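Structural description and commentary
Now for the letters of each chain:
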Amino acid sequence: MEIIKCHYKISKPVNSYREIKKEAEELIRFIHTGPFNGNWNKPFAIAHCQVSETPMAFFVVSKDVLAEKMFEHFVIINPKIIEAPAEKDIGADSTMNTINEIEYQEPCMSFPFRTTKMVKRYDLIKVRYQIPKWYGLKTIERQLTGIASEIFQHEYDHMQGRNIYFETETPVKWWELIGKERSKAGTSLEPAEGLGLERAKENITNTSKTKDYAKRD
Ligand SMILES: [Zn+2]
């Protein structure tokens, strides 16, 4: 297994764990052993689309992430962001709100020779995903914040054919992009600032208008 040239395919929904078990187990081995090229050798998570030309909608997390109890399982299947409020409470009495936004310096395993990029993300999100249960799937709905939320949004973007550096596929070759901010292809290669957050907003399946996050189910 290896990280392949970044493509822009949308990952296909998974119907049962049986469909992906072999690939998922291989990806779990890969995330811990590599080998990886470039700057990053301890990934938090890798999406299936980063290693496959026929991508299925799942990502795996490392044992370090699992040890922090950010997720319940190595394999996170059919991830969806179902709510991302514009604001979040910071006071116990719900009178103090702040913008539900956070910035991370993110690396991306699909661009191993590039430097990290500052990406705006939602901090608090409500998500739905599935984890393996025997050969089937168990659905989980919960809130994520902090690094777990950032990981989820980053991997989710990959499954929608997006990444932190480029919005659309470009005519340049993969190796021409390595470590370069711009290429001869021109403006289409401009990094899209705030891509993660903007894209996450477009992909909220419910409303993102509500401020009263806690009262929604
Ligand atoms: Zn990535």
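Above this text sits the structure in question.
Residues numbered from 1 in each chain as written. Predicted model: local features only at pLDDT ≥ 70, side-chain atom pairs only at ≥ 80, totals over all residues.

1. Overview of the overall build of the protein chain
Defined as follows: Labels follow the DSSP assignment, with helices taken as runs of H or I lasting at least four residues and strands as runs of E lasting at least two, numbered in each case from the N terminus. Counting other C-beta atoms within 10 Å of a residue's C-beta gives its exposure: the residue is buried at 20 or more, exposed at 12 or fewer, and partly exposed in between, where C-beta atoms are placed from the backbone.
A tally of regular secondary structure across the protein chain gives 5 helices and 9 strands. Tracing the protein chain from N to C terminus, the helices and strands come up as α-β-β-α-β-β-β-β-β-β-β-α-α-α. Residues classed as buried in the protein chain amount to 34% of the 217 residues present.

2. Quick look at the sheet that holds strand β1 (residues 45-47)
Put simply, the test is: Pairing between strands is defined by DSSP: at least two bridges between them are needed. Note on method: axes are straight lines fitted to C-alpha atoms, helices fitted across the in-contact stretch only, with angles between N-to-C directions ranging 0 to 180 degrees. Any two residues are considered in contact once their C-beta atoms, placed from the backbone, lie within 7 Å.
Across the sheet, 5 strands lie side by side as β1-β2-β3-β8-β9; this open sheet has antiparallel pairing. Here the strands that pair on one side only, and so sit at the sheet edges, are β1 and β9 (136-144). Averaged over all adjacent pairs, the angle separating strand axes in this sheet is 35°, with direction ignored. As defined by bridge partners, strand β8 (residues 125-133) adjoins β9 across 9 bridges and the pair is classed as antiparallel. Considered in β9, the bridge of Q130 is made with T139. Packed onto the sheet, helix α1 (residues 17-33) meets β1, β2 (58-61), β3 (75-83), β8 and β9 and runs at close to 35° relative to β2.

3. A closer look at the environment of G136
Position of G136 among the secondary structure elements: in strand β9. Not counting residues up to four positions away in its chain, the partners in contact with G136 are S16 and Y17.

4. Things to note about the nonpolar core
Cut-off, in case you're wondering: The nonpolar core criterion groups buried Ala, Val, Leu, Ile, Met, Phe, Trp, Tyr and Cys residues into a set whenever they are joined through C-beta atoms within 7 Å.
Ranked by internal contacts, the top residues of the largest apolar core, which has 44 residues, are I46, F58, V60, I76 and I77. Listing elements by their share of this core, those giving two or more residues are α1, β1, β2, β3, β8, β9 and α3 (146-159). The biggest single contributor to this core is α3, with 5 residues. Ignoring any residue separated from it by four or fewer positions in sequence, one finds I76 in contact with F58, F59, V61, F71, Y129 and I131.

5. Some words on the environment of F36
On the secondary structure map, F36 appears in the loop between α1 and β1. Accessibility expressed as a C-beta count within 10 Å gives 17 for F36, which makes it partly exposed. Sequence spacing of F36 and E2 is 34 residues, and the spatial spacing of their C-alpha atoms is 7.6 Å. Residues within four places of F36 in sequence aside, it is in contact with I3, N41, M109 and P112.

6. Re α1
Operational definition: Helix span is expected to be 1.5 Å times the residue number reduced by one. Note that the bend at a residue is defined as the angle between axes fitted to the seven residues ending at it and the seven residues starting at it.
Taking 1.5 Å of rise per residue, the 17 residues of α1 would be expected to cover 24 Å, and the 23 Å separating its terminal C-alpha atoms lies within 8% of that figure. By the largest-angle criterion, E23 marks the main kink of α1, which is about 35°. Every buried residue of α1 is listed here: Y17, A24, L27 and I31. If you follow the buried residues of α1, they end up packed against β1, β2, β3, β8 and β9. One or two positions beyond α1, positive phi appears at G34, with a value near 65°.

7. A look at the environment of Y17
Structurally, the position occupied by Y17 is in helix α1. Of the residues examined, Y17 has 20 C-beta atoms within 10 Å and is grouped as buried. With 118 residues separating them in the primary sequence, Y17 and Y135 have C-alpha atoms 4.8 Å apart. When residues no more than four places from it in sequence are discounted, the contact partners of Y17 are P132, Y135, G136 and L137.

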